[in-house]
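Structure assessment
As a plain string of letters, each chain reads:
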Amino acid sequence: MEYVILEKNEAVTLITVNRPEKLNALNRQVIFELNTAFASAEDDPETRVIILTGAGEKAFVAGADIAEFASFSPEEGRRLAADGQERLFNFIENLAKPVIAAVNGYALGGGLELALACHIRLGATTAQVGLPEVSLGVIPGYGGTQRLARIAGPGAAFELITSAQRIPADRALALRIFNHIYPPEQLLSEARALAGRIAANSPSAISAAMNAIRAGYEPLRSGFDKEIEAFGLCFATEDFREGTQAFLEKRKPRFTGR
Ligand code: CAA
């Protein structure tokens, strides 16, 4: 694999997104490789817990790859969201084994959505999280409108998504986005310690408990579908062209609402 590292250590498999030069942004290849890595950890009889993190000190994942989707049509945009949700975000959420996100830096856009799809989130005190998509003329398309509202509540979701602001780790902890925060140098060892405590318990009972917890989310499916449709429609707007071009040209966007 080019962008994903898989390291097995007895009952714990560590999956690292390894594209630090682009702050681990999710392009098609990264999503494909992550799907392969999670499927292999799920199928591995020895693995009981999975930890997901990002390579480098700066980022967990800085979002979907803006350069990749900037020229997409509305149908391509819709498909990007639908395929990504199916192959990675819903796939992780529905695994039988618990996934711990160790958020070691920026978790923005699709990067925060990836963490929100994991079952447990631990953050570095230096992490910053947010859903900045509307600053690009688009909306969260990998489940963020649904999962952030579920985890942090609708008020926090409306504020974070409409303001596009990045928040520090302690605020993310207060909003229940993170279960715990740790100094960056302790983050992975704390994730491993938690994984060890989980791995001591019955895998079949854990999987049954996870199914019961997830059963409460099922009514949200129509919300995910609405998000996919709305994400695709953004790709027909002038604001989307302007927002993504401005990011690529490293300047501030000039939005008109068209
Ligand atoms: N897509 C593509 N490239 C990205 C990226 C992304 N999401 N985030 C960072 N990069 C690239 C930068 O373009 C830059 O590449 P070059 O060196 O080739 O110019 C490299 O990674 C390093 O980034 P910066 O120079 O920007 O680093 P910085 O420290 O100045 O800023 C940052 C860090 C604030 C995280 C900034 O990179 C940033 O704002 N990134 C974009 C965050 C974002 O908007 N994410 C949402 C994406 S949309 C999405 O995710 C849609 C969805 O829900 C499906």
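Residues numbered from 1 in each chain as written. Predicted model: local features only at pLDDT ≥ 70, side-chain atom pairs only at ≥ 80, totals over all residues. Heavy atoms only, no water.

Comments concerning the overall build of the chain
Counted only if it meets this: Where helices and strands are cited, they refer to DSSP runs of H or I of at least four residues and of E of at least two residues respectively, numbered from the N terminus. The globule rule used here is 2.2 Å times the number of residues to the 0.38 power, and the radius of gyration it is set against is calculated over C-alpha atoms. Exposure categories follow from relative accessible area, calculated using a 1.4 Å probe and restricted to protein chains: below 20% of the type maximum is buried, above 50% is exposed, and the middle band is partly exposed.
Scanning the chain from terminus to terminus reveals 11 helices and 10 strands. Taken against the 2.2 N^0.38 rule, which gives 18 Å for 258 residues, the C-alpha radius of gyration of the chain at 17 Å falls within 12% of a compact globule. Referenced to the eigenvectors of the C-alpha coordinate spread, the extents of the chain come out at roughly 55 × 35 × 35 Å. Evaluated residue by residue, the chain yields a buried proportion of 52% over its 258 residues.

Details of the site of the ligand
Our working definition: The cutoff for a nearby residue is simple: one of its non-hydrogen atoms must lie within 4 Å of the molecule or strand. Polar contacts, as used here, are pairs of N or O atoms within 3.5 Å; protein pairs need one atom able to donate a hydrogen and one able to accept it. Residues neighboring in sequence count only if both atoms are side-chain atoms. Only the protein chains shown count as cover for residues, and all accessible areas are computed by the Shrake-Rupley method using a 1.4 Å probe.
Around the ligand there are 26 residues in total, and K22, K58, G110, E113 and E133 lie nearest to it. One of the side-chain N or O atoms of K58 is found 2.7 Å from an oxygen atom in the ligand. Contacts to the ligand include A62, whose backbone N or O atom sits 3.0 Å from a nitrogen atom. Burial of the ligand by the protein chains amounts to 76% of its free accessible area of 980 Å². When residues of the shell around the ligand are traced back to their parent elements, those giving at least two are α2 (66-69), β6 (106-108) and α4 (110-117).

A look at the environment of V61
The cut-off we apply is this: Contacts are residue-level and defined by heavy atoms, with any inter-residue pair within 4.5 Å sufficient.
Looking at the secondary structure, you find V61 in strand β4 (residues 59-61). Accessibility expressed as a relative area gives 0% for V61, which makes it buried. A sequence separation of 73 residues divides V61 from V134, and the C-alpha atoms of the two residues are 18 Å apart. Ignoring any residue separated from it by four or fewer positions in sequence, one finds V61 in contact with V17, L23, N24, A25, L26, Y106, A107, L108, G111 and L114.

A few points about the sheet that holds strand β10 (residues 180-182)
How we decide: Pairing between two strands requires that DSSP report at least two bridges joining them. All axes here are fitted lines through C-alpha atoms, helices being fitted over the stretch that makes contact, and every angle between N-to-C directions spans 0 to 180 degrees.
As summarised here, the arrangement of the six strands in space is β1-β2-β3-β5-β7-β10, forming an open sheet in which the pairing is mixed. Each end of this open sheet is capped by a strand with a single partner; those strands are β1 (4-9) and β10. Across the sheet, the mean angle separating the axes of adjacent strands is 20° when strand polarity is ignored. Relative to strand β7 (residues 120-124), helix α8 (residues 184-199) is tilted by about 160°, and along the sheet it contacts β1, β2 (12-17), β3 (49-54), β5 (99-103), β7 and β10.

Let's talk about the environment of A37
Here A37 shows up in helix α1 (residues 28-43). C-alpha of A37 to C-alpha of V4: the two residues are 33 residues apart in sequence and 7.6 Å apart in space. Those residues in contact with A37 that lie beyond four places of it in its chain are M1, V4, L6 and I15.

Considerations on the packing of aromatic side chains
This is how it is decided: Side-chain rings of Phe, Tyr and Trp (the six-membered ring for Trp) are treated as a pair once their centres are within 6.5 Å; stacked means planes under 30 degrees apart, edge-to-face means over 60, and tilted covers the remaining angles. The rule is short: NZ of Lys or CZ of Arg within 6 Å of the ring centre and within 35 degrees of the ring normal puts a charge over the ring.
All told, the structure shown has five aromatic pairs when counted by the stated rule. Here the aromatic rings of F69 and F240 are separated by 6.0 Å at their centres, their planes lie at 25°, and the arrangement is stacked. Within this pair, whereas F69 is found in helix α2, its partner F240 is found in helix α11 (residues 238-248), the two being separated by 171 residues in sequence. In this structure, F69 and F240 share a single accessibility class: buried. Through a chain of ring-to-ring contacts, the aromatic side chains of F69, F231, F235 and F240 assemble into a single cluster. If you follow R19 out to its NZ or CZ, it ends over the ring of Y3, 5.4 Å from the centre.

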